[in-house]
Amino acid sequence: MFAEALCKYNKRTLIDSPNVFVGRSSEAEFLKNLSACAPELDAIFSRCAESYSDFGLSPAEFREAVIGAVNKYLIAPGSRVPSIPELRRFIGELQAFDLYMALGCACGNEQAWWEFDRTHRSFIERWASHLVRSGADADEVIDSIYVELFGTKIVSGVRQSKF
């Protein structure tokens, strides 16, 4: 259940989502509207990068993730292109710091994982304890959550998250 909740921030969902447009004019309008939101995106990225300077994310990676979220939540087949105010509202409502941390974790950044652990471990422990009756079982749930999130596969010296 917890892993499912985090799935909305996974790299595949946020970056690999294709745009769904009826024609080239719709795509051009979307890109124009998105360009109008560039200052907001740049400001959000700057705040996140300032807070988490060691996560190693580029503005392009962050922008791609936000575009993926827009594709997932605002664009449906056959629907109209989101307006500039709709895009601005959506971007403003993003949990940007969580998204930034999730992207860092998905890229295998060790510091991002440490920050995730520092920020969320107590919640995961309380949640696991609430779900099971014994402390030993709760520890097992916590361990399995971290294995699922953190991953066990290492590629080119970088741990690959399942998310």
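Here, the structure is the one placed above.
Residues numbered from 1 in each chain as written. Predicted model: local features only at pLDDT ≥ 70, side-chain atom pairs only at ≥ 80, totals over all residues. Heavy atoms only, no water.

Student: Could you give an account of the pattern of salt bridges, naming the residues involved and the relevant values?
Tutor: Taken as a whole, this structure holds five salt bridges when the rule is applied. Its salt-bridge partner being Arg121, residue Asp117 comes within 2.7 Å of it at the nearest N-O pair. Taken together, the positions of Asp117 and Arg121, both in helix H8 (residues 110–131) and four residues apart, correspond to about one turn of that helix. The buried category is assigned to Asp117, whose relative accessible area is 18%. Owing to a relative accessible area of 29%, Arg121 belongs among the partly exposed residues under this scheme. Connected through shared salt-bridge partners, Asp117, Arg121 and Glu125 make up one network. (Salt bridge = Lys/Arg side-chain N within 4 Å of Asp/Glu carboxyl O. Helix = DSSP H or I, 4+ residues; strand = E, 2+ residues; numbered from the N terminus. Buried < 20%, exposed > 50% of the residue type's maximum accessible area, 1.4 Å probe, protein only.)

Student: Give a detailed account of the nonpolar core, specifying residues and quantitative values.
Tutor: Taken as a class, soluble globular proteins show a tendency for nonpolar side chains to be buried jointly. Judged by nonpolar contacts, the single largest core of 39 residues is most densely connected at Phe30, Phe62, Val66, Val70, Leu99, Tyr100 and Phe116. Elements that contribute at least two residues to this core include exactly helix H3 (24–36), helix H4 (38–51), helix H5 (59–74), helix H6 (84–93), helix H7 (96–106), H8 and helix H9 (135–150). Contacts of Val66, omitting those with residues within four sequence positions, involve Leu41, Ile91, Leu94 and Leu99. (Core = buried A, V, L, I, M, F, W, Y, C linked by side-chain atoms within 4.5 Å. Contact = heavy atoms within 4.5 Å.)

Student: Any details on the packing of aromatic side chains? Residues and values, ideally.
Tutor: Geometry of an aromatic ring pair is reported as the spacing of the ring centres plus the angle between the planes. Scanning the entire structure with this criterion turns up nine aromatic pairs. Centre to centre, the rings of Tyr52 and Phe55 are 4.6 Å apart; their planes meet at 5°, and the pair counts as stacked. Taking the relative accessible area as the measure of exposure, Tyr52 reaches 14% and is therefore buried. Note on Phe55: relative accessible area 3%, which makes it buried. Geometrically, the ring pair formed by Tyr52 and Tyr100 is stacked, given 6.3 Å between the ring centres and 15° between the ring planes. Here Tyr52, found in the loop between H4 and H5, pairs with Tyr100, found in helix H7; they are 48 residues apart in sequence, far enough to count as distant. Given the relative accessible area of 1%, Tyr100 is considered buried. Three or more aromatic residues link up through ring pairs in this structure, and these residues are Phe45, Tyr52, Phe55, Phe62, Phe97 and Tyr100. (Phe/Tyr/Trp six-rings, centres within 6.5 Å; stacked < 30°, edge-to-face > 60°.)

Student: An account of the packing of H5 against H6 is needed here, citing residue identities and associated values.
Tutor: Between H5 and H6, the shortest axis-to-axis distance is 11 Å and the interhelical angle comes to 115°. With respect to H6, the element H5 is oriented roughly perpendicular. Handedness of the crossing formed by H5 with H6: right-handed. Two secondary-structure elements touch here, H5 through Val66, Ala69, Val70, Tyr73 and Leu74 and H6 through Glu86, Leu87, Phe90 and Ile91. Classifying every residue of the contact of H5 with H6 gives eight nonpolar, no polar and one charged. (Axes fitted to C-alpha atoms, helices over the stretch in contact; angles between N-to-C directions. Parallel < 35°, antiparallel > 145°, perpendicular 65-115°, else oblique. Left-handed = near helix turned anticlockwise from the far one by under 90°. Nonpolar A, V, L, I, M, F, W, Y, C, P; charged D, E, K, R; others polar.)

Student: Mind laying out H7, listing which residues take part and the relevant values?
Tutor: Counting buried positions over the 11 residues of H7 gives eight, a clear majority of the element. Three or more residues of H7 are buried, namely Ala96, Leu99, Tyr100, Met101, Leu103, Gly104, Cys105 and Ala106. The positive-phi residue at the C-terminal boundary of H7 is Gly108, with phi of around 85°.

Student: How would you explain a negative patch on the surface if you had to name every residue and give the values?
Tutor: A surface patch of like charges, here negative, comprises Asp137, Asp139, Glu140 and Asp143. Owing to a relative accessible area of 56%, Glu140 belongs among the exposed residues under this scheme. (Patch = residues over 30% accessible without salt bridge, like charges linked within 9 Å, V, L, I, M, F, W, Y side chains within 5 Å. Areas by Shrake-Rupley, 256 points an atom, 1.4 Å probe, with all protein chains shown as cover. Lys, Arg positive; Asp, Glu negative; His and termini not counted. Charge placed at Lys NZ, Arg CZ, Asp CG, Glu CD.)

Student: Could you give an account of the side chain of Asn33, with specific residues and numbers?
Tutor: Structurally, the position occupied by Asn33 is in helix H3. Residue Asn33 is classed as buried on the basis of its relative accessible area of 4%. Once residues within four sequence positions are removed from consideration, Asn33 is found in contact with Val81, Pro82, Ser83, Ile84 and Leu87.

Remember, this is a structural readout, not a statement about activity or role.
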